[in-house]
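# Examination of the molecular architecture
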Protein chains: 2
Amino acid sequence: MTNNASVNEQTVADLEKALRHISAIIKQKGREILNDYTITPPQFIALQWLWENGDLTIGELSNKMYLACSTTTDLVDRMEKNQLILRVKDPKDRRVVRIHLLQEGERIIEEVIAKRQHYLKDMLVTFEEKELSILEKSLIKLQHEMREE
Amino acid sequence: MTNNASVNEQTVADLEKALRHISAIIKQKGREILNDYTITPPQFIALQWLWENGDLTIGELSNKMYLACSTTTDLVDRMEKNQLILRVKDPKDRRVVRIHLLQEGERIIEEVIAKRQHYLKDMLVTFEEKELSILEKSLIKLQHEMREE
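Residues numbered from 1 in each chain as written. Chains lettered and ligands numbered in written order. Predicted model: local features only at pLDDT ≥ 70, side-chain atom pairs only at ≥ 80, totals over all residues.

Before going further, it helps to examine the confidence of the model for chain A. Detail in the predicted coordinates should be disregarded across regions flagged by low pLDDT. Looking at chain A, the pLDDT average stands at 94 and 96% of residues meet or exceed 70. If you check the scores for this complex, the pTM reads 0.92 and the ipTM reads 0.93. (pLDDT = per-residue confidence, 0-100.)

The next point concerns the packing of helix 2 (residues 41-53) of chain A against helix 3 (residues 58-65) of chain A. Residues and elements named next belong to chain A. Running from N to C, helix 2 and helix 3 cross one another at 115 degrees; their axes reach a closest spacing of 10 Å. Taken as a pair, helix 2 and helix 3 cross one another with a handedness that is right-handed. In contact with Ile45, Ala46 and Trp49 of helix 2, helix 3 contributes Leu61, Lys64 and Met65. (Axes fitted to C-alpha atoms, helices over the stretch in contact; angles between N-to-C directions. Helix = DSSP H or I, 4+ residues; strand = E, 2+ residues; numbered from the N terminus. Left-handed = near helix turned anticlockwise from the far one by under 90°. Contact = placed C-beta atoms within 7 Å.)

What follows is about the packing of helix 6 (residues 129-148) of chain A against helix 1 (residues 9-34) of chain B. With their axes 9 Å apart at the nearest point, helix 6 of chain A and helix 1 of chain B run at an angle of 35 degrees to one another. The way helix 6 of chain A lies across helix 1 of chain B gives a crossing that is left-handed. Here Leu132, Ser133, Leu135, Glu136, Leu139, Ile140, Leu142, Gln143 and Met146 of chain A of helix 6 of chain A lie close against helix 1 of chain B, whose contacting residues are Thr11, Asp14, Leu15, Ala18, Leu19, His21, Ile22 and Ile25 of chain B. Among the residues forming the contact of helix 6 of chain A with helix 1 of chain B, the class breakdown is eleven nonpolar, four polar and two charged. (Nonpolar A, V, L, I, M, F, W, Y, C, P; charged D, E, K, R; others polar.)

Mapping chain B onto chain A is achieved by rotating through 180 degrees and translating by 0.0 Å along the same axis, at an RMSD of 0.0 Å. When the rotation and shift are considered jointly, the pair of chain copies conforms to a two-fold rotation axis. Among all residues of chain B, the minimum C-alpha distance to the rotation axis is found for serine 23 of chain B, at 2.6 Å. (Least-squares fit on C-alpha atoms with pLDDT ≥ 70 in both.)

So, about the interface of chain B and chain A. Taken together, the contacts link 44 residues of chain B with 44 residues of chain A. Elements represented by at least two residues in the side of chain B that touches chain A include exactly helix 1, helix 5 (103-123) and helix 6 (129-148) of chain B. Counting residues per element, the side of chain B that touches chain A draws most heavily on helix 1 of chain B, at 15 residues.

Before going further, it helps to spend a moment on the environment of tryptophan 51 of chain B. All names here are of chain B. Take tryptophan 51: it is sitting in helix 2 (residues 41-53). Residue tryptophan 51 is classed as partly exposed on the basis of its C-beta count, with 16 C-beta atoms lying within 10 Å. Put simply, tryptophan 51 and leucine 102 are 51 residues apart on the chain and 10.0 Å apart in space, counted from C-alpha to C-alpha. With residues near it in sequence (within four places) discarded, tryptophan 51 still touches Leu101, Glu106 and Ile109. (Buried ≥ 20, exposed ≤ 12 C-beta atoms within 10 Å, placed from the backbone.)

What follows is about helix 4 (residues 69-81) of chain A. Residues and elements named next belong to chain A. The terminal C-alpha atoms of helix 4 lie 18 Å apart, and with 13 residues this matches the ideal 18 Å at 1.5 Å per residue to within 8%. Buried residues of helix 4: Thr72, Leu75, Val76 and Met79, and no others. Considered in projection along helix 4, the buried side chains sweep an arc of 100 degrees and stay on one side of the axis. Opposite the buried face of helix 4, at more than 90 degrees from it, the exposed residues are Ser70, Asp77 and Lys81. Immediately downstream of helix 4, the backbone of glutamine 83 shows phi near 55 degrees, a positive value. (Expected span 1.5 Å × (residues − 1). Arc of directions from axis to C-beta.)

All names here are of chain A. When you line up the elements, tyrosine 119 lands in helix 5 (residues 103-123). Taking the C-beta count within 10 Å as the criterion, tyrosine 119 has 21 such neighbours and is therefore assigned buried. Through-space distance from the C-alpha of tyrosine 119 to that of tryptophan 51 is 20 Å; in sequence the pair is 68 residues apart.

With that settled, consider helix 6 of chain B. Given a rise of 1.5 Å per residue, 20 residues ought to cover 28 Å, and the 29 Å separating the end C-alpha atoms of helix 6 of chain B matches this to within 8%. Considered for burial, the residues of helix 6 of chain B that qualify are Leu135, Ser138, Leu139, Leu142 and Gln143 of chain B. The buried residues of helix 6 of chain B occupy one face: seen down the axis, they fall within an arc of 140 degrees. When the buried face of helix 6 of chain B is taken as reference, the exposed residues oriented beyond 90 degrees from it are Glu129, Lys130, Arg147 and Glu148 of chain B. Check the buried side of helix 6 of chain B and you find it contacts helix 1 (9-34), helix 5 and helix 6 of chain A.

A word on unusual backbone geometry. For glutamine 83 of chain A, which is not glycine, the phi dihedral falls at a positive 55 degrees. Along the chain, glutamine 83 of chain A falls in the loop between helix 4 and strand 1 (85-89). Judged by the 11 C-beta atoms lying within 10 Å of it, glutamine 83 of chain A falls in the exposed class. A positive phi is found at tyrosine 66 of chain B, a non-glycine position, where the angle reads about 55 degrees. One can find tyrosine 66 of chain B in the loop between helix 3 (58-65) and helix 4 (69-81).

Below you can see the structure in the form of structure tokens.
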């Protein structure tokens, strides 16, 4: 896609800045939330993908996490040792191994996401219902545009 | 601040998810942009703060970056060696040292931010002008709420 000349430069600058600062604050808040858990930030991201997408191969998870397969393998090894996930062979093609979220992994990811939602909800108290539903629509649209790139 | 019961749970869940995924994509895009430069991601964040706020003490920069002062000192040492910044004594109180952005640091941060804006602009081509100005207002408001916490 090419740049749309009609997009106001100042609006883009303001949006880039707001998204950059919001991302930094959310990253820090996310780290604080993880302090109460035994998982690391990359483990949180891996659990998040398995929770949202179901079982994934090492290759699929590596793509989603922008990591080399060897790095993802190390990550998965530690998570398997901690009984958060399990490697499962595909019954139709036993050469294919998928990573499966275990109950403890699911419990942790659901608790951490609930805490992140709770924090965000607190940050949104001054927003009106209509404002929030427009923001929700716009951010989901932006996320899809970014994914399709 | 306490939770506002009127904020719809599904809306909060959707917003948390969209912000989490957008942040991850922006983080990755930011890393790709930095591949063309000699600075690291933490150096980018430090330059960003100096560019937006002007001269800062090590303590002020540490707070903004959520880092220990010793970590910030190491970061500043490397950036001073690379002639991106300079330590300057306050003329009114020579015990106070501030970090000052040098021309090369300014050139790099402005180029990197411009590339981030260009990427975001491409992601926003399908948005209408009105949609964008509402999104801009909402994200700036969210950023302020998060900062005031």
